[in-house]
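Chain and residue survey
Residue-level listing of the chains:
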Amino acid sequence: MSDALLRMEGVTKVFYTDEVETHALSGIHLEINQGEYVSIAGPSGCGKSTLLSILGLLDSPSDGAYALNGKPVQGLNLAERARIRNREIGFIFQSFNLIGDLTVYENVELPLTYRGMSSAERKKRVNAALEKVNMAHRAKHLPSQLSGGQQQRVAVARAIVGEPLILLADEPTGNLDSTNGEAVMELLRELHRGGATICMVTHDHRFAKHADRSIHLFDGRVVEEGQNEQ
Amino acid sequence: MTQLWQDLRYSLRMLRAHRSLTLVAMLVLALGIGANTAIFSVVNAVLLRPLPYQNADRLVTIWGSFLKLNIERLPAKAAEYLDYREQTQSFAQVAASNSTNYTLTGTAQPERLPGTRITTNLFSLLGAQVALGRGFTAEDAQVGHENVVIVSHTFWQQRFGGASDVVGKSLRLNDQNYTIIGIMPAGFQYPQSSFPFGEPAEFWTPLSFSTEQIAQRQPPYFLNVIGQLKPGVTLAQARTEMRALAQRFEAQHPGYRGPNNADGGWRITVNQLEEEIAGQSRVALLLLWGAVALVLLIACANVANLLLVRATTRKRELAIRAALGASRFRLARQLLCESVLLALGGGAIGLWLAWWGVEALTALKLENLPRLDESNLDWRVWGFTFLVSVLTGVLFGILPAWQASRPDVQQILKDGGAGVTRNRHWLRNALVVGEIALAVVLLVGAGLLLNSLLRLQRVNPGLDINHLLYAELSLPSSRYPTAENARAFYDELVSRVAALPGVEQASAANRIPLTGVITNDPFAIEGRQLDFSNPPNASWRLVLPQYFHTVGIPLLSGRDFNAQDGNEVAIINQTMARKYWPGEDPLGKRLSLGVPSPTNPWKRIIGVVADTPQRTLESAPGADWYLPFAARALRDGHLLVRTVGDPAALAAAIRQQVWAIDKDQPVTKLVTMRESVHRTLGARRFNTWLLSGFAGLALLLAALGIYSVISYSVTQRTRELGIRMALGAQMRDVLRLVLRQGMALVVIGLVMGLAVSLALSRVLHGMLFGIGAHDPLTIVGVTVLLVGVAWLACYLPARRATRVDPLVALRHE
Ligand SMILES: Nc1ncnc2c1ncn2[C@@H]1O[C@H](COP(=O)(O)OP(=O)(O)OP(=O)(O)O)[C@@H](O)[C@H]1O
Ligand SMILES: [Mg+2]
């Protein structure tokens, strides 16, 4: 139990808007171990993205405890949270979220620039990450010169370049056609085989099966959890 | 036409719909246009508006000058005036005047009032007529008939309450009775306060010349001559004719050669009157005009920027219009219509601001900026403002209209769709860089002038201007016919005033230092060959004993004048000693004012005093020397009083002492030295503070420009900033990112602005004091100020950027 990379206990998230309380998450218990590949599924509005935001320290729970790598994260200030996001977490978004004014290389380099790493070291790492996603030949291009699939591969490279503890992917294939989606999924599997810990939100049953374990959310609660036979 | 009407209506609706943008833009424009209107109204009054006389552009002044003797703008002798009148072809009329002060008695207190003696044709030359009574006729100018007077409208109102039976009454002027024969219309002035001829007169009396005066061609040089060029005669033609006349004078009459019959460079100078008045202020005013034009340009760039921002938000609207078949021209016209309306709105507010500005400017009552008090918002100013507003509207509207009128539908779709954030606005960046560069140019100019003013205020005046007071006195020859009479008056006055409690020392002199007025004349040194074609020249003053002690000029060697000194001693200043007796002791050497003669004996140097700036604080010390009162008859002089406490507090007591000696003697002017010196810097302060004000405005507008661009860019980049923060950017990373973007523009603008300033530095050259046009301190100061203000303008939106919540930024896709 205690060797879980990531542990949530009784996490609740309530949004207050115009006197309406939305219980996006209620009493979530979740553990993810080192090297695990977990997928999260559920209908729209059930709280998947909210859960991922809290896992990624972009948001904090209204109640409950969350420990990353054995260390509780409640009570950390903004700077410390930013530091953890930068070093321990890799984000992959549905809509890629590359910065249009930066080249592919610069986009991938971005997380490293916030660490004060030497540029030689950065170069080594960025090139390695781009090799991994097979985009090294496009390093000097701008995102707008790439296809959607290629952009998402660059985003994956950006997520892994910092060698984070965990990759968080929110519907990474949502904006892609099936061929490109397939390719990105294959890439994630490969990373997993290489030892990466991944937590991915997806609607697609085919892709959910790629994971070691699937979690189903409904109305902010975990309703089903099961190992996938590989 | 109906289309244009439609455009107008639609424009108004758009302006109303975007109320806050409209308001900000109008305010920015109002500041720019208002400043331009205010300065234009001064330019209009000082440089453009004709003098309020008939054919004002054909009026010229006629002066004599001895170029080789450094004597210029010499008024005419009676005989010369008559020759100008009768021996020339260029002029339709030639008239002359002589402005003096008259003592008016028979009223509650004796008063000294400015009056002008005029040739009887002067009013007709100016196209002026009396409002009541009659004008002067040729008979009035005959000797013995000249005791008639025409009074000004103000004088009539103030002294007689505008009574209609005033014609025929009499005034006691200089102890003589004058009969009032006419009243000039309200508003008529001659001379104008800006003329190089003396103060505006309260009344006019006829000038008459005795036959001896004419026949003997004797001084005084007392006539200010005005000519009216015949229609079609150019200034150059008149000058040529007068040059020939001057040569005839030189050939036919004595008195037109230098000492010892050398060439004195005698010329008759003809200048346009309006030009002569505007002359010195032209450069400064044009400079200010240029400065406000730059401010307006900055305001334009600012508003163009605001409109560009709005144009991006209106892209979809314009794309639809284009899709519905609106031509590019039509779209552009629609947008231009909006900006011109905006500018006209700004112009209207600007006009109102300018009205306040002009009130404030004219309230300054600067003596050395002629005709400033005539500044007002006349039709010319209204027209100017209208024109500038329309031009401004087109200027700032054209770029956004051009950009927005070619909506690229594909581009819009692409930008809207992809998960890529882009951030391109080179045009707006360029505008901001331009604004900063212009602001820097103004700041450098203002900095240089401010620096000059500060230095000037720290100049050692060579005397102690604190606790020093002077009174101007002008003794009429009727009561003080001889030099001895006048001397006795001043001696008694000085000893009485010196005895007053609170007075430390008193003395008298003909000329007050640092007020701009000096008398420069050639002199001869005993035992040296006089080079008559280029004699040594120095300014001289008549002073009573204790003058140096009273004004605080240190005596360096020798002694001061004493009561026994006559016509045969002199005191020189250090510069004169150094220049003419280098390495020698000047004490005991002798010199003379002009060529020595039995009535003008050699004067032995008995003392050397320290230097003072020669004319005003701005001038370098020159060769000055001093003579005792006994050297010349002195009626127009100044009492100087050094006080223990506040000098102004003694004014009343001093007046009383004057009246105790002579109850009919007015005191023309009674001011502290400090105030008087302050006043000589009036025009400079005016230029400096105005330019600084405009530079400040420019800085403010440029800061607003940076702020709006960075602020808008932060809004545009919210998503990008969110991504960066999700990836672990710290607050300082975001702060640095935004600040770097802003400060890059600032640095480019700064460098460009400094380069332009260095290139333009010659423009300011003549207005600087004590510093070069490339003064490094000023440049450093401007850089620090600009960077500081710009940093603040960037910091505010940058702070906002750090508050972006990555979650929110990423959700809004
Ligand atoms: N900032 C917020 N303020 C208010 N309500 C929110 C906020 N964020 C999410 N919610 C609400 O919380 C619930 C969960 O939202 P969430 O985005 O986690 O759903 P999801 O499972 O990711 O849905 P989808 O599959 O459509 O992406 C929804 O009802 C949503 O409206
Ligand atoms: Mg979601």
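Residues numbered from 1 in each chain as written. Chains lettered and ligands numbered in written order. Predicted model: local features only at pLDDT ≥ 70, side-chain atom pairs only at ≥ 80, totals over all residues. Heavy atoms only, no water.

**Here we look at the overall build of chain A**
Note the following rule: What counts as a helix is a DSSP run of H or I of at least four residues, what counts as a strand is a run of E of at least two, and both are numbered from the N terminus. We compute the radius of gyration from the C-alpha atoms alone; for a globule the expected value is 2.2 Å times N to the 0.38, where N is the number of residues. Classification of residues uses two cut-offs on accessible area relative to the type maximum, computed with a 1.4 Å probe and protein chains only: under 20% is buried, over 50% is exposed, and between them is partly exposed. Only heavy atoms enter the contact rule, under which two residues are in contact if any of them lie within 4.5 Å. The accessible surface values rely on the Shrake-Rupley method and a 1.4 Å probe; as for residues, cover is taken only from the protein chains in view. Charged-residue counts in this description rest on Lys and Arg as positive and Asp and Glu as negative, His and the chain ends being excluded. Charged side chains are reduced to one point each, which is NZ for Lys, CZ for Arg, CG for Asp and CD for Glu.
A tally of regular secondary structure across chain A gives seven helices and 11 strands. Relative to the compact-globule value of 17 Å for 230 residues, chain A shows a C-alpha radius of gyration of 17 Å, a close match. The dimensions of chain A, computed from C-alpha atoms along their principal axes, are 45 × 40 × 40 Å. Counting only residues that meet the buried cut, chain A has 55% of its 230 residues in that class. In chain A, 68% of the contacts between residues at least 6 apart in sequence involve partners at least 24 apart. Roughly 10300 Å² of accessible area belongs to chain A as shown, and the carbon and sulfur atoms make up 47% of that amount. Charged side chains in chain A number 24 positive and 29 negative. The centres of these two groups are separated by 8 Å.

**Observations concerning the domain arrangement of chain B**
Residues and elements named next belong to chain B. This is how it is decided: Note that domain bounds follow an automatic or database assignment of domains. A 1.4 Å probe defines the accessible area here, and the buried area is the portion of it lost by two parts on being joined, summed over both. Throughout this description, the term salt bridge denotes a Lys or Arg side-chain nitrogen within 4 Å of a carboxyl oxygen of Asp or Glu. In protein, a polar contact requires one atom able to donate a hydrogen and another able to accept it; more generally it is a pair of N or O atoms within 3.5 Å, and residues adjacent in sequence count only if both atoms are side-chain atoms.
Along its sequence, chain B is organised into domain 1 (58-277), domain 2 (426-459 + 679-813) and domain 3 (476-664). Using C-alpha coordinates to define each centre, domain 1 is positioned 31 Å away from domain 3. The junction of domain 1 with domain 3 conceals about 1100 Å² of combined surface from both sides, 57% of it contributed by carbon and sulfur atoms. The partner of aspartate 175 in a salt bridge is arginine 479, with the nearest N and O atoms 3.0 Å apart. Viewed at the interface, domain 3 and domain 1 are joined by one residue pair in polar contact (both at pLDDT 80 or more).

**Considerations on the packing of aromatic side chains**
Inclusion rule: For Phe, Tyr and Trp, rings pair up if their centres lie within 6.5 Å, where Trp contributes its six-membered ring, and each pair is then called stacked (planes under 30 degrees apart), edge-to-face (over 60) or tilted (otherwise). Charges are assigned to positions over rings by a cutoff of 6 Å between ring centre and Lys NZ or Arg CZ, combined with an angular limit of 35 degrees from the ring normal.
Going through the model one piece at a time under the given rule, you end up with 37 aromatic pairs over all chains. The interplanar angle of 50° and the centroid separation of 6.2 Å between the aromatic rings of tryptophan 289 of chain B and phenylalanine 384 of chain B together place this pair among those described as tilted. Of this pair, tryptophan 289 of chain B sits in helix H8 (residues 273-313) while phenylalanine 384 of chain B sits in helix H11 (residues 379-404), placing them 95 residues apart in sequence. Its relative accessible area of 16% is what places phenylalanine 384 of chain B among the buried residues. The structure contains a cluster of three or more aromatic residues connected by ring pairs, namely Tyr53, Trp63, Phe123, Phe136, Phe188, Tyr190, Phe195, Phe197 and Trp204 of chain B. In this arrangement the basic side chain of arginine 206 of chain A is found over the ring face of phenylalanine 207 of chain A, its NZ or CZ atom lying 4.8 Å from the centre.

**Notes on the packing of helix H13 (residues 426-457) of chain B against helix H21 (residues 731-760) of chain B**
All names here are of chain B. Put simply, the rule reads: Angles here are taken between N-to-C directions and fall from 0 to 180 degrees, while the axes themselves are lines fitted to C-alpha atoms, restricted in helices to the stretch in contact. For classification purposes, angles smaller than 35 degrees are called roughly parallel, those larger than 145 roughly antiparallel, those between 65 and 115 roughly perpendicular, and all remaining angles oblique. For any helix crossing, the convention is left-handed if the near helix is rotated counterclockwise from the far helix by under a right angle, and right-handed if that rotation is clockwise.
At a minimum axis separation of 7 Å, H13 and H21 run at an interaxial angle of 40°. Considering the angle they form, H13 stands oblique to H21. Relative to H21, the crossing made by H13 is right-handed. Within the contact between the two elements, H13 uses Asn429, Val432, Val433, Ile436, Ala437, Val440, Val441 and Val444 and H21 uses Leu745, Val746, Ile748, Gly749, Leu750, Met752, Gly753, Leu754, Val756, Ser757 and Leu760.

**A word on the sheet that holds strand E1 (residues 6-17) of chain A**
Residues and elements named next belong to chain A. The cut-off we apply is this: Pairing between strands requires that DSSP locate at least two bridges from one strand to the other.
Strand order in the open sheet made by the four strands is E2-E1-E4-E5, with antiparallel pairing throughout. Two strands in the sheet have a free side with no partner beyond their single neighbour: strand E2 (20-32) and strand E5 (71-72). Summarising the sheet, strand E4 (residues 63-68) and E5 pair through two bridges and their orientation is antiparallel. Within the sheet, the bridge partner assigned to alanine 67 lies in E5 and is proline 72.

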